[in-house]
Each structure stands twice: as structure tokens, then as C-alpha cells.
Amino acid sequence: MYKVNEIFYSLQGEGYYTGTPAVFLRFSGCNRRCAFCDTDFAAFRELSASDIVAEVAAFPARHIVVTGGEPLLQLDDTLVRALKGAGFYIQVETNGSLPAPTGVDWVTCSPKAAPWGIDRIDELKVVYEGQDVERIASLLPAPRHFLQPCSGLNTAEVIDYILAHPHWRLSLQTHKLIDIR
């Protein structure tokens, strides 16, 4: 059984797939405690892989964003196979502490703290709080680099950083800007 915080349908609001219609599968539980996290870890319901597939398949998109908390504490080969069997493209948003199961199509790593155990990253998305992002990028190689303001509080600082380091791209939480989930 999987501890599911929520399942909903919306547009991906961050990173490379911004604007893409997606089903969001948010797991409960995490191995980090970030001050800016917006997930209620106490709220969850237990669902089987087949229950999850039945719920997510009710939506028209076949792009699923598996998030959390830390989704790789729960996402396993059984659920990946079930989702792939239902025709889903699987994107995972992880803190980078654990490796992704085989079959995941896209790994978005938003690292919070070492140690990191992730073995593959398609996009590195750093919530910028003044940390050494070049060091993080050297430790977690990825073909795409996104820098995101922390809760919108330091947007000008992030823009200045990106202008001085053009290998980074801006990621905004557009879902919050346009008031959708």
C-alpha cells in the first residue's frame, strides 16, 4: 500500500514541463524537513497500485508527475510498471536522496541537502537561497539547470544570478501565479 497525500489534475507549474497538462500523484512522507515545503505529511490515504492507476487514469492526460514529500521513498517498480501499463509518461520530482526506479521517463531533482543518492537527473531545479549552486550542479550533473526563487521572495536576486550565469534558466511557480493547483 502507498501513502497518498493527494491526486489531482492541473498544469505542471515549474521547470522544463511548465504548462503541460499533468496528473499529480503526491505521496506523503519525506526524509528532509524543508522550511518552505507545502505538503501536509500527516494527511494521507493508503492505496494499492491498482487503486492509484484507476484514479489517475480517470483524467485525460497521460503525463504524471510523481511528487511528495519525497516520492522515491514509495515509488517502486510495481507502481512504475502499473503506470506504464496504463500508458503514462512518468516524471518524478525528487530531493535527490534516493535512486529512481527503472522505467521513470524524467527525473527532476530539486536537491535540498546532501547526501544524494540519485543516479540520473534530466533537470536540476534548485530553490535558490543564496547557496553555491555551481557546486551543487558540479556534484549533481544534469543537462538542464533551473533556478527558482524561494517562495517568490528573492526573484530579483535569482534573475541577477541567471543573467550572470546564463547556463541557468528561470523556473517560477507559475501555478501559484495564475492561481491553480
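Quick summary incoming for the structure in this document.

What counts as what
- Residues numbered from 1 in each chain as written.
- Predicted model: local features only at pLDDT ≥ 70, side-chain atom pairs only at ≥ 80, totals over all residues.
- Heavy atoms only, no water.
- Helix = DSSP H or I, 4+ residues; strand = E, 2+ residues; numbered from the N terminus.
- Buried < 20%, exposed > 50% of the residue type's maximum accessible area, 1.4 Å probe, protein only.
- Polar contact = N/O pair within 3.5 Å; in protein donor to acceptor, adjacent residues only side chain to side chain.
- Contact = heavy atoms within 4.5 Å.
- Phe/Tyr/Trp six-rings, centres within 6.5 Å; stacked < 30°, edge-to-face > 60°.
- Pairing = 2+ DSSP bridges.
- Axes fitted to C-alpha atoms, helices over the stretch in contact; angles between N-to-C directions.

1. What to know about the side chain of Thr94
Phase 1 of the analysis: Positionally, Thr94 belongs in strand β5 (residues 89–94).
Phase 2 of the analysis: Here Thr94 falls in the buried class, since its relative accessible area comes to 3%.
Phase 3 of the analysis: A distance of 3.0 Å separates the side chain of Thr94 from the backbone nitrogen of Gly96, its partner in a polar contact.
Phase 4 of the analysis: With residues up to four places along the chain from it excluded, the contact list for Thr94 reads Glu70, Pro71, Leu72, Val107, Thr108, Cys109, Ser110 and Ile118.

2. What to know about the packing of aromatic side chains
Phase 1 of the analysis: By the definition in use, this model includes eight aromatic pairs.
Phase 2 of the analysis: Ring geometry for Tyr9 against Phe59: centres 5.4 Å apart, planes inclined by 20 degrees, an arrangement best described as stacked. Of this pair, Tyr9 sits in strand β1 (residues 2–11) while Phe59 sits in the loop between α1 (49–56) and β4 (63–67), placing them 50 residues apart in sequence.
Phase 3 of the analysis: A relative accessible area of 25% means that Phe59 is categorised as partly exposed.
Phase 4 of the analysis: With centroids separated by 5.5 Å and ring planes inclined at 40 degrees, the aromatic side chains of Tyr128 and Tyr161 adopt a geometry described as tilted. In this pair, Tyr128 is assigned in strand β7 (residues 123–128) and Tyr161 in helix α4 (residues 155–164), connecting sequence segments 33 residues apart.
Phase 5 of the analysis: For Tyr128, a relative accessible area of 7% puts it in the buried group.
Phase 6 of the analysis: What links up through ring pairs into an aromatic cluster is the set Tyr16, Tyr17, Tyr89 and Trp106.

3. Some remarks on the sheet that holds strand β9 (residues 169–170)
Phase 1 of the analysis: Spatially, the nine strands line up as an open sheet ordered β3-β1-β2-β4-β5-β6-β7-β8-β9, and their pairing is mixed. Looking along the sheet, the strands with just one partner apiece sit at the ends: β3 (45–47) and β9.
Phase 2 of the analysis: One ladder, built from four bridges, connects strand β2 (residues 21–27) with β4; its direction is parallel. When the bridges of β4 are listed, Leu25 appears paired with Val66.
Phase 3 of the analysis: Against the sheet, α4 touches β7, β8 (145–149) and β9, its axis set at about 155 degrees to β8.

Structural measurements only, silent on function.
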